[in-house]
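Inside the fold
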Amino acid sequence: MGRLRVSARLATITLVVLALIAASTAVGWVVAGDSATPTDDEPDIGAVTTALAVVRQVKSLADAASVRTNAGMTPETLAESRASMEAEIDALNEQLDALQAAGYEQASATMRELTNDLAQTAAEIERRRLALAEVLRESERRRQEIIAMTNWELVPASVASEDDVFAGLISDRGDAVSPDDLLRYSRLALMTQQVDQGSVLLEVAARQPNIAFIATVEENIDLVMYQLSDSLEVFAEDTHQDLDPTLIPLSRELVDGAYGEANMIDMMKIRLGLGAQEARDITAIDGTVAALQAEAAAFLTQAVDSVGSVDGYGGIAEVLNAALAVDQHVGSVAAVATARSAPTTPLGDLPATRDAATADISGIHQNLDILDAAGHGDAVARMRASVDQTQADVEQIHDGRPELVGALQAAEGQRAQLRAFFDYQLRPAVVSSLDNQLYYMLTGRSEFAEDVPADSDPLSHSELMRYRHLTLVFSSLFRTFSGFIITFVISEPTLIAEAEERFTTAAHRLETSAAYLEREGGSAVHPQLVPLTRQFIALGDGDDNLFDSLRYRLPLIAQEAELIASSRQATSALQADVNTLLDDLLQAAATLDPDAHDPDARAIVLVLGIVAAIATLLIAAEVARRRDPEPA
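Residues numbered from 1 in each chain as written. Predicted model: local features only at pLDDT ≥ 70, side-chain atom pairs only at ≥ 80, totals over all residues. Heavy atoms only, no water.

We now examine the pattern of salt bridges. Taken as a whole, this structure holds 31 salt bridges when the rule is applied. With its nearest N and O atoms 2.8 Å apart, the salt bridge here joins Glu 140 to Arg 143. In this pair, Glu 140 and Arg 143 both sit in helix H4 (residues 105-172), three residues apart, roughly one turn of the helix. Classification of Glu 140 as partly exposed rests on a relative accessible area of 31%. The shortest N-O distance in the salt bridge between Arg 551 and Asp 548 comes to 2.9 Å. Of this pair, Arg 551 and Asp 548 both sit in helix H15 (residues 546-590), three residues apart, which is roughly one turn of that helix. Here the salt bridges share partners, and the residues they tie into one network are Glu 124, Arg 127, Arg 128 and Asp 281. (Salt bridge = Lys/Arg side-chain N within 4 Å of Asp/Glu carboxyl O. Helix = DSSP H or I, 4+ residues; strand = E, 2+ residues; numbered from the N terminus. Buried < 20%, exposed > 50% of the residue type's maximum accessible area, 1.4 Å probe, protein only.)

Quick look at the environment of Gly 198 now. As for its placement among the helices and strands, Gly 198 is situated in helix H5 (residues 179-207). Exposure remark for Gly 198: the relative accessible area of 1% places this residue in the buried category. Taking C-alpha positions, Gly 198 is 8.7 Å from Ala 258, a pair spaced 60 residues apart along the chain.

Bringing the packing of aromatic side chains into the picture now. Counted under the stated rule, the structure contains 12 aromatic pairs. Geometrically, the ring pair formed by Phe 421 and Phe 536 is stacked, given 6.3 Å between the ring centres and 20° between the ring planes. Taken together, the residues span a long stretch of sequence, with Phe 421 in helix H11 (residues 377-443) and Phe 536 in helix H14 (residues 529-541) at a distance of 115 residues. Pairing Phe 484 with Phe 547 gives two aromatic rings, centres 6.4 Å apart and planes at 50°, and the pair type is tilted. Taken together, the residues span a long stretch of sequence, with Phe 484 in helix H12 (residues 461-486) and Phe 547 in helix H15 at a distance of 63 residues. Residue Phe 484 shares its accessibility class with Phe 547, and that shared class is buried. (Phe/Tyr/Trp six-rings, centres within 6.5 Å; stacked < 30°, edge-to-face > 60°.)

If you walk through the whole model with that rule in mind, you get one cavity of 30 Å³ or more. Every residue lining the largest cavity is listed: Val 48, Leu 52, Leu 300, Val 304, Leu 320, Leu 324, Leu 582 and Leu 586. Secondary structure elements with two or more residues in the lining of the largest cavity: helix H2 (45-65), helix H8 (264-308), helix H9 (314-337) and H15. (1 Å grid on protein atoms, 1.4 Å probe; cavity = no way out; pocket = protein on both sides within 12 Å on 5 of 7 lines; lining within 4 Å. Points joined across faces, edges and corners; volume = space filled by probe spheres on them.)

We now examine helix H6 (residues 214-236). The first and last C-alpha atoms of H6 sit 31 Å apart over 23 residues, in line with the 33 Å expected at 1.5 Å per residue. The complete set of buried residues in H6 reads Ile 214, Val 217, Ile 221, Val 224, Met 225, Leu 228, Ser 231, Leu 232 and Phe 235. On the buried face of H6, the contacting elements are H5, helix H7 (247-259) and H8. (Expected span 1.5 Å × (residues − 1). Contact = heavy atoms within 4.5 Å.)

Turning to the environment of Thr 115, a few remarks are in order. Within the secondary structure layout, Thr 115 lies in helix H4. For Thr 115, a relative accessible area of 0% translates into the label buried. Sequence separation between Thr 115 and Val 58 is 57 residues; the distance between their C-alpha atoms is 8.8 Å. Looking at Thr 115, its side chain comes within polar contact range of the main-chain oxygen of Met 111, at 2.7 Å. (Polar contact = N/O pair within 3.5 Å; in protein donor to acceptor, adjacent residues only side chain to side chain.)

Another point: the nonpolar core. In terms of nonpolar packing, the biggest core is built from 80 residues, with Ile 221, Leu 254, Leu 477 and Phe 536 touching the most fellow members. The biggest single contributor to this core is H11, with 11 residues. Discounting residues that sit within four places of it in the chain, Leu 477 has contacts with Phe 422, Leu 426, Val 430, Leu 510 and Phe 536. Ranked by size, the runner-up nonpolar core spans 63 residues in total, among them Val 310, Val 319, Ile 364 and Leu 582. (Core = buried A, V, L, I, M, F, W, Y, C linked by side-chain atoms within 4.5 Å.)

Right, let's talk about the packing of H5 against H8 for a bit. Working note: a packed helix pair is described by the angle between its axes plus the distance between those axes. It is at 8 Å that the axes of H5 and H8 come closest, and there the two elements cross at 20°. One way to sum up the angle between H5 and H8 is to call them roughly parallel. Crossing angle aside, the handedness with which H5 passes H8 is left-handed. When H5 is examined against H8, the residues Leu 202, Ala 205, Ala 206 and Arg 207 are found in contact with a partner set consisting of Met 264, Met 268 and Arg 271. Each residue belonging to the contact of H5 with H8 can be placed in one class, and the counts come to five nonpolar, no polar and two charged. (Axes fitted to C-alpha atoms, helices over the stretch in contact; angles between N-to-C directions. Parallel < 35°, antiparallel > 145°, perpendicular 65-115°, else oblique. Left-handed = near helix turned anticlockwise from the far one by under 90°. Nonpolar A, V, L, I, M, F, W, Y, C, P; charged D, E, K, R; others polar.)

In this section: the packing of H9 against helix H10 (residues 350-373). H10 packs onto H9 with a crossing angle of 155° between their chain directions and a minimal axis gap of 8 Å. One element, H9, and the other, H10, form an angle in the roughly antiparallel class. Regarding H9 and H10, the two cross each other, and that crossing is left-handed. Across from Glu 318, Val 319, Ala 322, Ala 323, Ala 325, Val 326, His 329, Val 330, Ser 332, Val 333 and Val 336 in H9, the residues of H10 making contact are Thr 353, Ala 357, Asp 360, Ile 361, Gly 363, Ile 364, Asn 367, Leu 368, Ile 370 and Leu 371. Per-class residue counts for the contact of H9 with H10 are 14 nonpolar, five polar and two charged.

Take a look at the structure:
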């Protein structure tokens, strides 16, 4: 068979067509790449945006739901809080609806179940808030009312009555006192103690933070109020004119504070019961929120990773991951930086905690480097300033924490020592001396003296003076002790002077009576009473006393609080900048040209097509030249 001859013109046309096809294909690829029509290879930026919105909404919801009820919450503010909470939950459910509509049924279903649990628990907290806020307000109102009545009316009336009765015994009854008058004075002196103790215990009931001590506080109040009620029955029938006329009615008001319509015992039970339930609910919310945040964070990571798996989107995914990593590290640092020191803070864990915070700060800087390299220098510059402030605050907090924890632990030790010293040494010595002196005056026998002189007069004025100073020691003990206790609960440096003045006044009376008993106490007084009393006074004015400890401790507490506030402000600013950057990144990613980050790809395709067309035309021209000889 002969060879098929192809004309040069046909060959040229064929090659030109092939060149045009190649060029048009290249141009088509470029045009297709510029098309805004989504394809199966495009990432789901909306999923990332929604996942990020869920994470933020969960944080906002957790902050709102974990707020402790306080006395300042009114029905109006609570209604606003409840409406805000419902809006937060609705917003979260809307985000979950968007995820479900986008095809993420499993993730949305899991998070919705957790959201429903959180909403139910939050609703229970909101339902009880009004009752708790009201009892907090009423408890504080009654506390201030009782304190004012006791300090400004009842105690002065009681002390004045005791002083008047004693003065009458000394001046009007010759050289001795009758047993009946002695017993009357003794009961009145005890009533003064009962008034003091009762008012202090009612204040304890109003301030008691631990539900575990309800029974103990109630038992102590019952004992004192029973004794006070018994004294009231006796003096209600007393016809003497040396009692302050307000003593009985005011004392009954104090008893009403324990058992009346708006009494401190019932309010303590209601307050602590509701508070304990709220604490349990908040703990449950914290657990639910942690699970919800973990689910949302996992889905967010998955969504960002899916973006990175699409050709041309690896760069944006890297930047998103860097911004999210900064946010996570900031959250970890904030948790450490906002934790206040406590006596129970384990000192052995401080180096590890510090190392973890340092690692988080380092992680923030590493990811900021990625963001800086990606062209977000202005945002990174702002964030670095916040990071530097946070780092400085956290380092100072950690530097001061061992000293502060040591001071707090020392205060706890002082409190325990004070309580043990008062309950098991000093108070028994005073009570036994007081009881023994009364027993001696009534019977002529003493537990502390084996041989009583035959010529002694148990009802003499000297014995009455000894008994008087023992009652004054007893009353001054509780006032001094309450002044000491205040040193463990004061948080404002401006209150130190007031507490010290209260101690100084009571301690002066205590020292005056101790000095008298040292001179005149003799064998009728417990041998350790005077030295123990002076040891007790030294706790307030001796070396390393409780007030010096307080003056040393409070500035450390205040410094840490200031650093925590500064760190909280810096981390909040940092998180706000990260959120703004994430929003900008996602907005840009939604309109992103995937090949814009690899511009040479399309250029190469286009150039190759053009080169192929030109080469084809050249080949065609050469073929034509050779096949078709030039005309003669």
